[in-house]
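Secondary and tertiary structure notes
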Amino acid sequence: RAITDLGGLYEKGRGVEKDLAQAAALYRRAADLKYPPAMVNLGVFYENGISVDKNLTQARTWYEQAADLNNPTAMFYLGVMYEKGKGVGVDYDKAMSWHKKAADLKNAAAMNAIGNLYDNSSYKTDPAQAIAWYKKAAAAGYAPAMCNLGAFYDHGKGVPLDHEQAFKWFKKAADLNNGMAMFN
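Report follows, based on the coordinates.

What counts and how
Residues numbered from 1 in each chain as written. Predicted model: local features only at pLDDT ≥ 70, side-chain atom pairs only at ≥ 80, totals over all residues. Heavy atoms only, no water. Axes fitted to C-alpha atoms, helices over the stretch in contact; angles between N-to-C directions. Helix = DSSP H or I, 4+ residues; strand = E, 2+ residues; numbered from the N terminus. Parallel < 35°, antiparallel > 145°, perpendicular 65-115°, else oblique. Left-handed = near helix turned anticlockwise from the far one by under 90°. Contact = heavy atoms within 4.5 Å. Nonpolar A, V, L, I, M, F, W, Y, C, P; charged D, E, K, R; others polar. Salt bridge = Lys/Arg side-chain N within 4 Å of Asp/Glu carboxyl O. Patch = residues over 30% accessible without salt bridge, like charges linked within 9 Å, V, L, I, M, F, W, Y side chains within 5 Å. Areas by Shrake-Rupley, 256 points an atom, 1.4 Å probe, with all protein chains shown as cover. Lys, Arg positive; Asp, Glu negative; His and termini not counted. Charge placed at Lys NZ, Arg CZ, Asp CG, Glu CD. Buried < 20%, exposed > 50% of the residue type's maximum accessible area, 1.4 Å probe, protein only. Polar contact = N/O pair within 3.5 Å; in protein donor to acceptor, adjacent residues only side chain to side chain.

1. Let's talk about the packing of helix α4 (residues 56-68) against helix α5 (residues 72-84)
In a packed pair of helices, the relevant descriptors are the angle between the two axes and the axis-to-axis distance. Put simply, α4 and α5 touch, their axes get as near as 8 Å, and they point 140° apart. Classed by the angle they form, the pair α4 and α5 counts as oblique. Seen from above, α4 lies across α5 with left-handed handedness. Where α4 approaches α5, its residues L56, A59, R60, Y63, E64, A66 and A67 are matched on the opposing element by A74, M75, Y77, L78, M81 and Y82. Residue classes in the contact of α4 with α5 are distributed as 11 nonpolar, no polar and two charged.

Given below as structure tokens:
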């Protein structure tokens, strides 16, 4: 863990001069030691081309290795890759599978992503399921899900139109510094 933490300090420039190449090298070292958070960080670097050549196949490989070690963040990122078609074909069923695995491990972003999939007509539109998953993510303190719930109540989508409920959810999200909620 210490190697990954040191990589994080280099990545953010905390206590040392920011050095993304050094961060990537440290994440790689820790990932080679089978430390899942380092695998995820290295995957993010490859996915976004941070101090390494952008390589979605490498990103997916690192996420898969971390997911095999039960890392919910890696599972969530794999879900996003399949949902968005990043380095793989769009596959909503695989996206849902990965998001559900992450949600089972209490990953609130994955819970919200499941809500988004049920709110997306490209998958299986089911407002009741979307709301249920947004509520799970909101209960876990995830501000984007609170914002999504606010929008559902604000527009009467799958629920009765209720501006007081919309305000409640937007306010909770805004209190957590969610910019979209502040805009609403």
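2. Overview of the pattern of salt bridges
Evaluated as defined, the whole model comprises six salt bridges. Its salt-bridge partner being R28, residue D32 comes within 3.2 Å of it at the nearest N-O pair. You can see D32 and its partner R28 sitting in helix α2 (residues 20-32), four residues apart, about one turn around the helix. One salt bridge in this structure joins R60 and E64, with 3.5 Å as the shortest N-O distance.

3. With respect to a positive patch on the surface
Taken together, the side chains of K100, K106, K124 and K136 make up a positively charged region of the molecular surface. Here K124 is to be found in the loop between α7 (108-118) and α8 (127-139). A relative accessible area of 47% means that K124 is categorised as partly exposed.

4. Topic: α7
With 10 of 11 residues buried, α7 lies mostly within the body of the structure. On its buried face, α7 sits against α5, α6 (92-104), α8 and α9 (143-155). Between the side-chain oxygen at the start of α7 and the backbone nitrogen of A109 there is a gap of 3.1 Å, and the oxygen is on N107.

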